[in-house]
Amino acid sequence: MTVIDIFNRLLSHYGFQNWWPIVENGVSVYSPEFRMRSRTCDEIFEIAVGAILTQNTAWKNVEKAIINLKQAGVLSYKSILNLPVENLASLIKPSGYFNQKAKKLKGFAEFIDKRLDCNIENLRKFDTLTARNLLLEIWGVGYETADSILLYGLNFPIFVVDAYTHRIFSRMGIIRQDFKYETIRLFFENNLPKDHLIYNEYHALIVKHGVNKCRKKAICDNCVIRDICPY
DNA sequence: CGCCAGGTTGTTG
DNA sequence: CAACAACATGGC
């Protein structure tokens, strides 16, 4: 049973997830159209903001924060650059850790302004790992956040690892408990075609399965991969 | 009500 | 380098 087999299982069970969502009219929209085209500048920025806000936080709370930002008309790097950090913190309160995250968003906006010449798409001018290392220099942007921005915002072929990835695949005995982020990322990248669409869908499916079934307290009955899981 | 969520950083041994 | 604390709201 390979990681590709597991991908196929999850995909036929849950269907396409169409990540990353864009918030429209107060709801997160997961559209199949997203895989057909490049993201717009505004979408890339929203994805990056979402990636920062969702750090150790349920998406529902992030959604509320993004709605607040949109309603206030400040979901752009320029607005966030000019908005007092206290006001920003207040808008993103529902996403939790709001003081820290406000500072992180500020840092990210500053990064676009200073390092990317005011255009987030300038990240495309770099190769994957160079772009990644640039993002990782930003305070508040770690591996998963950087990789989410690269994969979901810019379609770079980089596999996103998260807590669910670690939990599901260690429970299955496919990776070891003590594997760290980079080890897990490389494991997936080495066992899959180098294709951003596959990385995109796979990670989204992992989250789906983690949220639905493979929680901290696992719900193993009717699990789509139960027969190949020793847990 | 208690647990936990699509992590990251700073501190300490 | 590993372990641990701090950061915080809201859904179930």
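Figured I'd write up the structure that's included with this text. (Residues numbered from 1 in each chain as written. Chains lettered and ligands numbered in written order. Predicted model: local features only at pLDDT ≥ 70, side-chain atom pairs only at ≥ 80, totals over all residues. Heavy atoms only, no water.)

### As for the pattern of salt bridges
Okay, so step 1: This model, assessed by the stated rule, comprises 13 salt bridges.
Okay, so step 2: Between Glu-137 and Arg-115 there is a salt bridge whose closest N-O contact spans 3.3 Å. With a gap of 22 residues between them, Glu-137 in the loop between helix H7 (128–136) and helix H8 (143–154) and Arg-115 in helix H6 (residues 98–115) connect regions that are remote in the sequence.
Okay, so step 3: We note a salt bridge from Arg-132 to Glu-182, for which the minimum N-O separation is 2.9 Å. Pair noted here: Arg-132 is in helix H7 and Glu-182 is in helix H10 (residues 181–190), with a separation of 50 residues, a long-range link. (Salt bridge = Lys/Arg side-chain N within 4 Å of Asp/Glu carboxyl O. Helix = DSSP H or I, 4+ residues; strand = E, 2+ residues; numbered from the N terminus.)

### Things to note about the protein's contact with DNA strand C
Okay, so step 1: Asn-56, Asn-61, Lys-64, Lys-93, Pro-94, Gly-96, Tyr-97, Phe-98, Asn-99 and Gln-100 make up every residue found near DNA strand C.
Okay, so step 2: The contact in question runs from a phosphate oxygen of DNA strand C to an N or O atom on the backbone of Phe-98, over 3.1 Å.
Okay, so step 3: Of all the secondary-structure elements, those providing two or more residues to the surface near DNA strand C are helix H3 (59–71) and H6.
Okay, so step 4: A per-class count over the surface near DNA strand C returns three nonpolar, five polar and two charged. (Near = heavy atom within 4 Å. Polar contact = N/O pair within 3.5 Å; in protein donor to acceptor, adjacent residues only side chain to side chain. Nonpolar A, V, L, I, M, F, W, Y, C, P; charged D, E, K, R; others polar.)

### Focus: the layout of surface pockets
Okay, so step 1: For the largest pocket, the calculated volume is near 810 Å³.
Okay, so step 2: Taken together, 26 residues form the lining of the largest pocket, with Thr-54, Thr-57, Trp-59, Tyr-164 and Val-207 sitting closest to its centre.
Okay, so step 3: For the lining of the largest pocket, the secondary structure elements donating two or more residues are H3, H8, helix H9 (163–171) and helix H11 (196–212).
Okay, so step 4: A total of five residues in the lining of the largest pocket trace back to one element, the largest contributor, which is H11.
Okay, so step 5: Residue composition of the lining of the largest pocket, grouped by class: 12 nonpolar, eight polar and six charged. (1 Å grid on protein atoms, 1.4 Å probe; cavity = no way out; pocket = protein on both sides within 12 Å on 5 of 7 lines; lining within 4 Å. Points joined across faces, edges and corners; volume = space filled by probe spheres on them.)

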